[in-house]
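Residues per chain, in single letters:
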Amino acid sequence: MKRQVPKPRDLAPLLQFKKPEWNRNKRRLDAALTIEDLRTIAKRRTPKAAFDYTDGSAEAELSIARARQAFRDIEFHPAILRDVSKVSTGWQVLGAQVSLPFGIAPTGFTRMMQTEGEYAGARAAGRAGIPFSLSTMGTASIEDVARANPHGRNWFQLYMWKDRDRSMALVERAARAGFDTLLVTVDVPVAGARLRDKRNGMTIPPTLTPATILDALPRPRWWIDFLTTEPLAFASLDRWSGTVAELLDTMFDPTVDFADLAWIRDQWPGKVVVKGVQTLADARAVVDVGVDGIVLSNHGGRQLDRAPVPFHLLPSVAAELGRETEIMLDTGITSGADIVAAIALGARFTLIGRAYLYGLMAGGEAGVDRAIAILSEQVERTMRLLGVAGLEELTPQHVTQLTRLAPRPSPGERRW
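Below, the structure is looked at part by part. Computed from a predicted structure; not experimentally measured.

What counts as what
- Residues numbered from 1 in each chain as written.
- Predicted model: local features only at pLDDT ≥ 70, side-chain atom pairs only at ≥ 80, totals over all residues.
- Heavy atoms only, no water.
- Buried < 20%, exposed > 50% of the residue type's maximum accessible area, 1.4 Å probe, protein only.
- Helix = DSSP H or I, 4+ residues; strand = E, 2+ residues; numbered from the N terminus.
- Pairing = 2+ DSSP bridges.
- Right-handed = clockwise from strand over helix to strand, strands pointing away.
- Arc of directions from axis to C-beta.
- Contact = heavy atoms within 4.5 Å.
- Polar contact = N/O pair within 3.5 Å; in protein donor to acceptor, adjacent residues only side chain to side chain.

### So, the pairing of strand S13 (residues 349–352)
So, step 1. Along S13, one buried face is formed by Phe349 and Leu351 and the opposite face, lined by Thr350 and Ile352, is buried too.
So, step 2. Pairing analysis gives two bridges linking strand S12 (residues 326–329) to S13, with the strands arranged parallel. Following the sheet pairing, Leu329 is matched in S13 by Thr350.
So, step 3. This β-α-β element, S12 to helix H17 (residues 336–344) to S13, shows right-handed connectivity.

Pasting the structure below:
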């Protein structure tokens, strides 16, 4: 083969040098291709107590592990030779359009994880055309979130307190601020045993100890932000100095029942969704109360360990109640493929909590944008590879849930 010295004009089209990115935060986030990548960055940049509060769950953390495994244990069934040149990832949820089949779940103490907190989440959700949910235990006020996301959909998550008047005062504030949906969370009669928090001595606000100071040394940016911005407090209630579990057990009302749910429904002018449903029987009972939707959720594994896996529960609830109410799902979602699988099996919508918080801790508001972008890209790519051009084309025939954990037959039950 004849060789020759290459000419510069011939080399130019073959050698394209990447333009350097001088913004360190953008460079870091652009390198994150998955939610797990964002989690790795978040862990590196966030003090242990704050990261573990986000990342951890209850007791042995079996519920969250099983929920994530359930999404891994699926098999997709793609259709071929379909026109997927254009794909629509949005549709109507609770009477209004969403651009993507997921929204941001309510999370407490969010500014402890990164100082932009709920403001970053609300603004990012508004840009993406998805709902943002504010927790009763949020660290931004109802009115401030409405100002941060003035043209987007804001949902308010309600915990019923022992002081009913204060609870309903929050509901009234949310209605006045234009929040369109009330998420009534029903799976926290008492706090779950979140052992990571106990081992870390995690309090609100964070308590300085020799261990936390040592942990802070390689994370100066978090502490600078924490110490130079508005003091961390609950925007919807008085300041608190103590552990999270102590706060929940002090405030939350373990006597709430279905009659209370019906009463709350009648107080709210918009849509009412019940979050924390974990059995088919309770799903039926909640729908019979007359709410607009349910969220199958075990609270991200943060309450009862060994609770039912919401994704496993989804097909039976969808078959029974899918025509009567809008079914939503959270817990264990770490990819767009998880979201597509949930829609295929009957969910109308999904909520992401940790996935959004990993982005927040990894890079503030830009990190939340990146988390949404990652999931959005994965949703669209999964749909294309399945051969569907719209969410309404997804059906249970596209997904098989593979068996890993199966109930053991009860005594006297016939074995097949």
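Once you've had a look at it, read on.
### Some points on unusual backbone geometry
So, step 1. With phi around 50°, Glu59 is a residue other than glycine that occupies positive phi space.
So, step 2. Looking at the secondary structure, you find Glu59 in the loop between helix H4 (48–55) and helix H5 (62–72).
So, step 3. Positive phi values are uncommon outside glycine, yet Arg306 reaches one of about 70°.
So, step 4. Structurally, the position occupied by Arg306 is in the loop between strand S11 (293–296) and helix H16 (310–321).
So, step 5. Look at Arg306 and you get exposed, because its relative accessible area is 51%.

### What about the pairing of S12?
So, step 1. In terms of strand pairing, S11 meets S12 through four bridges, oriented parallel. Each residue of the ladder has a partner; that of Ile294, found in S12, is Ile327.
So, step 2. Between the parallel pair S11 and S12, the chain is carried across by H16, and the sense of this crossover is right-handed.

### Thoughts on helix H14 (residues 258–267)
So, step 1. The complete set of buried residues in H14 reads Asp260, Leu261 and Ile264. On an axial view of H14, the arc spanned by its buried residues comes to 100°, and they lie on one face. The exposed set on the far side of H14, more than 90 degrees from its buried face, consists of Ala259 and Asp266.
So, step 2. For H14, the elements touching its buried residues are strand S6 (154–158), helix H9 (164–176), strand S7 (181–185), strand S10 (271–277) and helix H15 (280–289).
So, step 3. In this structure Asp257 caps H14, since a side-chain oxygen of it lies 3.1 Å from the backbone nitrogen of Ala259.

### What about the environment of Thr331?
So, step 1. As for its position among the elements, Thr331 is in the loop between S12 and H17.
So, step 2. Here Thr331 is in contact with Ile64, Ala67, Phe71, Ser297, Asn298, His299, Gly300, Gly301 and Pro310, once residues within four sequence places are set aside.
So, step 3. Within polar-contact distance, the side chain of Thr331 engages the backbone nitrogen of Gly300 at 3.2 Å.
So, step 4. Within polar-contact distance, the side chain of Thr331 engages the side chain of Asp330 at 2.9 Å.

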